[in-house]
Amino acid sequence: MDLARLLKEKRILICCGSGGVGKTTVSAALGLKAAMAGRKALVCTIDPARRLADSLGLECLGNSETCVNETVQSVSGVTLPGTLHAMMLDSKRTFDALIERLASTPDAAARILGNPFYQNVTTALAGSQEFSAMEKLYELSVKNEYDLIILDTPPTRHALDFLDAPKKVTAFLDARVIQWFVKPYLAAERMGFKFFNRSAKILFRILEMGTGYQTLADIADFFLIFEGMYDEFRLRAEKVAALVASSGTAFVLVTSPEFPSLAEARFFLERLESEGMEFGEILFNRVSVTPGGLPGERFAEIEKEAVEKLPEHGPVIEALCANLRLEILLAEADRRAVELFLEKTCLTGRGVRIPFFSQDVHDIAGLLRLARHLPG
């Protein structure tokens, strides 16, 4: 499905890609494009560098939605037919809110939220940030207040981490762990830790190494309180996974023409296919293009003519031409890299190419410029 149809027909677009490819900026441009087409769009990011807030002309973004229509109009003069909202996810607050919803009583929720081990694990546990992103996505989808939600996935080292997050977190909180290892804490509390079950001691040492937390009592207390919540937590994770795999959701892959990013993009496409999830479109960001469409094969001829007509400016012309020649080489290299990637992934004829801008996109004017390079 091409990008224009994705923006028009889907309810959720999940933007994925390796770090440093401009994922957050492209996500914002997609939201802006949808709002320009009349949809009520929300862009949700976990970008700690505030790129989304800066590009939308906002002082800051929080864990709740902010409408940016007036800002766009006042800065650029553009009136959006639809609406554009934005937010920056606070993964800790999102995790806390989930605990409050799933806890059997307010007292149980308060005990978990106040537990030092819980406070540590919600920031240190691998996958917790990605899980929070998917939880927030589910929450926003259930509210059904937006035509389109665009999720800018967390800036992880590896794009595939996002898909593994629910499994990692639920496995860590698996009820079997509680049954086999944590319940002996009740006896240990009465008799002293020196009589602690050997298997439980091994588990706690693993937990200590994995989370950096070192108080056995807090670890055990957390799991004992959480025991009654595990089934609800698992069901919630399953609902999130079902939403991500539903027909209303598609993945948009953002990459650059550079080899490391393309290699990771290829693995990600293979993973989406193996998981049976819908791949929407691939966007190649920061692609070098031939200046002014100048054909490389005629460049030597054009350079020679210029020097002959303006011999007194020969050195300047040669310097300019050397720079242009480099631009042409970069453009040709990017073109070949993109075409080879599409050929190897059986996507020939697909993909959106976003040109490399001389200046970073850091305001609404730059975001509008980028959006105009998107189809639709």
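What counts, and at which threshold
- Residues numbered from 1 in each chain as written.
- Predicted model: local features only at pLDDT ≥ 70, side-chain atom pairs only at ≥ 80, totals over all residues.
- Heavy atoms only, no water.
- Phe/Tyr/Trp six-rings, centres within 6.5 Å; stacked < 30°, edge-to-face > 60°.
- Helix = DSSP H or I, 4+ residues; strand = E, 2+ residues; numbered from the N terminus.
- Buried < 20%, exposed > 50% of the residue type's maximum accessible area, 1.4 Å probe, protein only.
- Core = buried A, V, L, I, M, F, W, Y, C linked by side-chain atoms within 4.5 Å.
- Contact = heavy atoms within 4.5 Å.

*Asks:* How should the packing of aromatic side chains be read in this particular structure?
*Replies:* Considering all chains together, one arrives at seven aromatic pairs under this definition. Ring geometry for F95 and F131: centres 5.8 Å apart, planes at 40 degrees, overall tilted. Taken as a pair, F95 in helix α5 (residues 91–102) and F131 in helix α8 (residues 128–143) lie far apart in primary sequence, 36 residues in all. Each member of the pair, F95 as well as F131, carries the same accessibility label: buried. Ring centres of F226 and F233 lie 5.5 Å apart, and the angle between their planes is 70 degrees; this geometry places the pair in the edge-to-face category. Overall, F233 belongs to the buried group, its relative accessible area being 1%.

*Asks:* Please explain the nonpolar core as it appears in this structure.
*Replies:* Here is a general trend for soluble globular proteins: nonpolar side chains tend to be buried in one another's company. Of all hydrophobic cores here, the largest spans 41 residues; its most connected members are L3, L13, L30, L56, L84, L283 and L374. No other element matches the seven residues that helix α2 (residues 23–36) contributes to this core. Each residue touching L84, except ones within four places of it in the same chain, is listed here: G31, L32, A35, A41, V43, L56, T66, C67, V68 and N69. The next biggest cluster of nonpolar side chains, apart from the first, holds 37 residues, and it includes L89, F162, V244 and M277.

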